[in-house]
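# Chains, contacts and geometry: an overview
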Amino acid sequence: MKKVLSVLLAVLLVLSMAPVSLAATTEANNAANHLYELGLFAGTGAQPDGSPIFSLDNMPDRSQGITMLVALLGKSEEAKSGTWYTPFTDVPAWAKPAVGYAYTNKLTAGASPTKFGHGQPLTASQYLTFVLTALGYEQGTGKDFTWRNPFALSDKLGITGGRYTASSRFTRGDVAIVSNNALNAKMKNSTKTLLDALIESGAVKDPNPSPDPDPDPSPDPGTPTPAPSNDTAQKLAQYINANGQTDDSGRKAVASQVTDQFFSSITYDQTKNQLYFSGVYLDKDNTGGTATTIIYDIATKTFLNPVVFLFAASNEEYSMTANISPDTYLPTTTLTFTKYEGSTSIDPSAFQELANNTTRLAVASWAEHLSGIGFDLRDLGFAAFVNALNPGTSTPTPTSKPTPTTHPTPTAQPTPGAPSGNKGQQLAQYIRANGETDDSGETTIYYNYQGNGSAITTSISYNPKDNALWFFSMCEPTSDYATYILLQYNLAQNAFDSFTFFTYEDGIGRELKMAADLNPAAYTKNTTLSFRKLSGSYAISLAQANQLANRTTLLSVMAWALQLQKIGFSIADVGFTSFLASL
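Residues numbered from 1 in each chain as written. Predicted model: local features only at pLDDT ≥ 70, side-chain atom pairs only at ≥ 80, totals over all residues. Heavy atoms only, no water.

### Notes on the overall build of the protein chain
From N to C terminus, the protein chain includes 16 helices and 19 strands. Evaluated residue by residue, the protein chain yields a buried proportion of 51% over its 583 residues. Within the protein chain, counting contacts between residues at least 6 apart in sequence, those at least 24 apart form 56% of the total. A total of about 25500 Å² of accessible surface is found on the protein chain, and carbon and sulfur atoms cover 51% of it. (Helix = DSSP H or I, 4+ residues; strand = E, 2+ residues; numbered from the N terminus. Buried < 20%, exposed > 50% of the residue type's maximum accessible area, 1.4 Å probe, protein only. Contact = heavy atoms within 4.5 Å. Areas by Shrake-Rupley, 256 points an atom, 1.4 Å probe, with all protein chains shown as cover.)

### A look at the pairing of strand β15 (residues 481-490)
With 10 of 10 residues buried, β15 lies mostly within the body of the structure. Burial along β15 is two-sided: Tyr481, Thr483, Ile485, Leu487 and Tyr489 facing one way and Ala482, Tyr484, Leu486, Gln488 and Asn490 facing the other are all buried. The pairing of β15 with strand β16 (residues 495-496) spans two bridges and is antiparallel. For Tyr489, the partnering residue across the bridge sits in β16 and is Phe496. Connecting the antiparallel pair β15 and β16 is a turn made up of four residues, with Asn494 showing a positive phi of about 50 degrees. (Pairing = 2+ DSSP bridges.)

### So, helix α14 (residues 423-434)
The end-to-end C-alpha distance of α14, which contains 12 residues, comes to 16 Å, matching closely the 16 Å that a straight helix rising 1.5 Å per residue would cover. Here α14 has its buried residues at Gly424, Leu427, Ala428 and Ile431. Relative to the axis of α14, the buried residues are bounded by an arc of 100 degrees and lie together on one face. (Expected span 1.5 Å × (residues − 1). Arc of directions from axis to C-beta.)

### Considerations on the side chain of Asn357
Counting through the fold element by element, Asn357 comes out in helix α12 (residues 352-372). Within the structure, the side chain of Asn357 is placed 3.0 Å from the side chain of Arg360, a separation counted as a polar contact. (Polar contact = N/O pair within 3.5 Å; in protein donor to acceptor, adjacent residues only side chain to side chain.)

### Side note on unusual backbone geometry
Here the amide bond leading from Asn305 into Pro306 is cis, since omega sits at 0 degrees, within 30 degrees of zero. For Pro306, the position within the fold is in strand β8 (residues 302-313). Even without a glycine there, the phi angle at Phe382 is positive, about 60 degrees. Looking at where Phe382 falls in the secondary structure, it is placed in the loop between α12 and α13 (383-389). Of note in this structure, Asn494 is not a glycine but carries a positive phi near 50 degrees. Relative to the helices and strands, Asn494 is located in the loop between β15 and β16.

### Topic: the confidence of the model for the protein chain
Any segment with low pLDDT has predicted coordinates that should not be analysed in fine detail. Taken as a whole, the protein chain shows an average pLDDT of 78; of its residues, 78% reach a score of 70 or greater. Per-element averaging of pLDDT across the protein chain places helix α2 (residues 18-21) at the bottom with 34 and helix α4 (residues 62-72) at the top with 94. The model gives residues 1-9 a pLDDT under 50, and that stretch makes 26 contacts with residues more than four places away or in other chains. Scored below 50 in pLDDT, residues 212-230 makes 28 contacts in the model with residues more than four places away or belonging to other chains. (pLDDT = per-residue confidence, 0-100.)

### Overview of the pattern of salt bridges
In total, this model carries eight salt bridges according to the counting rule given. Shared partners join several salt bridges into a network, and the residues in it are Glu138, Asp144 and Lys188. (Salt bridge = Lys/Arg side-chain N within 4 Å of Asp/Glu carboxyl O.)

### Digging into the packing of α4 against helix α7 (residues 124-134)
Their axes nearest at 10 Å, the elements α4 and α7 cross at an angle of 30 degrees. In terms of orientation, α4 lies roughly parallel with respect to α7. The hand of the α4/α7 crossing is right-handed. Side by side, α4 and α7 meet where Arg62, Gly65, Ile66, Met68, Leu69 and Leu72 of the first sit next to Gln126, Tyr127, Phe130, Val131 and Ala134 of the second. (Axes fitted to C-alpha atoms, helices over the stretch in contact; angles between N-to-C directions. Parallel < 35°, antiparallel > 145°, perpendicular 65-115°, else oblique. Left-handed = near helix turned anticlockwise from the far one by under 90°.)

### As for the environment of Glu505
Here Glu505 is to be found in strand β17 (residues 499-506). The buried category is assigned to Glu505, whose relative accessible area is 2%.

### Thoughts on α12
Look at α12: 30 Å from first C-alpha to last across 21 residues, which is about the 30 Å you get at 1.5 Å a residue. Within α12, 19 of the 21 residues are buried, which leaves the element mostly enclosed by the surrounding structure. Following α12 by one or two positions, Gly374 adopts a phi angle in the positive range, close to 90 degrees.

### Brief notes about the packing of aromatic side chains
Taken as a whole, this structure holds 27 aromatic pairs when the rule is applied. Between the aromatic rings of Tyr329 and Phe382, the centroid separation amounts to 6.0 Å while the plane-to-plane angle is 85 degrees, which identifies the pairing as edge-to-face. Remark: Phe382 occurs in the loop between α12 and α13 and Tyr329 occurs in the loop between β9 (316-322) and β10 (338-341); sequence separation between them is 53 residues. On the basis of relative accessible area, Tyr329 is assigned to the buried category, the value being 1%. Judged by centre distance (5.9 Å) and plane angle (20 degrees), the rings of Phe472 and Tyr484 are stacked. (Phe/Tyr/Trp six-rings, centres within 6.5 Å; stacked < 30°, edge-to-face > 60°.)

This is the structure:
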């Protein structure tokens, strides 16, 4: 059992980087290679053949981010040869040249009068603020952009294309993508691009840089060429050995991104001749998640009990196990999980639904993953489950993605009183027709609202992978902090998931995350929700945070109501049936 948990934790660690490493590897690699050829991006090491190692899945801190910005501007050598003064006491020696150059040239003011913020994760907002400032744009109230919301300007300039938010995970791959796109962005009050300016200054020697390199030349695994064996599991093991990535223990694994937040991983342990099937759900901000793992023994051609469920959040893990019968397991089957390891204060009954939802999604993800690489999960087990997802078919259809009916969150249930009409689908159609679509296929409409002393930016996004609408808002009451609200509307059920997420972010990117149960049908201007802490910390009490969370929720619903009204819908169409009457 310890072995299973070890593998499961490793899968969580690897897949915590998957939104970039799986979805944007080619784009990020192309961007990094292009910048490297221009001398504007450095690797973290070198391969035996001398080619650079970019470590695109790594999350940089602020010092690394400013160093990469100075490299983008072609000023690395100037920074290293200069003598600079900064008031910051937390900058290590290796970062002082870049931080000093950036501070002297007013590209950064630091996180406080005496701290730069070394060691703090670099956020999308912060790096975009660096880039936009380098392009000559001014940040601040009433100016070109604010550091909390640089996205409107960066989207307009073609740097980000709507792909980032304040809570987006931000890696070296994202730095490369943003930096590469910034080369073609116009400097403020000029027809010249950043690349034009770099060529004129001599920072870039080639006046006609070659286009982005071809996509990753490594062959697409595609449909495997079966080895001369009649055993599906052996063929799958051979396929993983030939096409998988090697982990620290020498095992090979293949992974697949099924939705924006759910991933499938299959690992082959050659020593034990076993396959580890894992399904992992990651929170939007990648601070936690859930996973289900089960072992397939190739020698006996059977899945081994038990199936293991893991819940991870705020540096804590809690695991449970359950016996499962793959031959009779259905999407409607409910397993009984019992505690294996973790906090003694947690009641296993509180995690039964979450464990079952994650397991259902995991099995569905394995079916799709295997189908996509030329295998059939039914040849190993779970035939009844796959047949239930694909009624009337003898083999899984690779292009028909199973749509699980539940979302792996502790309270992901349809809210009582939600509307039964098709207004949600009509809204999704409107967004698809009129919104801005990013590279992931998510389409968004935006709205800015000024009211009650606060500036609020709202968005409603249609996500085809999750078949859901995401209602998001960012509220800026003062220049010292910002708050955010996020709700998910499940189109299959015509209902909001019965929880709302709240985030409090201070001026240097520290976040406090909370959640509360929400019944939209009963929500009015006088409703007080009880928010509970999920992760993070800050120098405000939970009572103060609850007040901020409730105020932000009220302002957000008001802003969404106005946004929907302007496009011919009502907030009541998506379940807030009592809200307008309470105003």
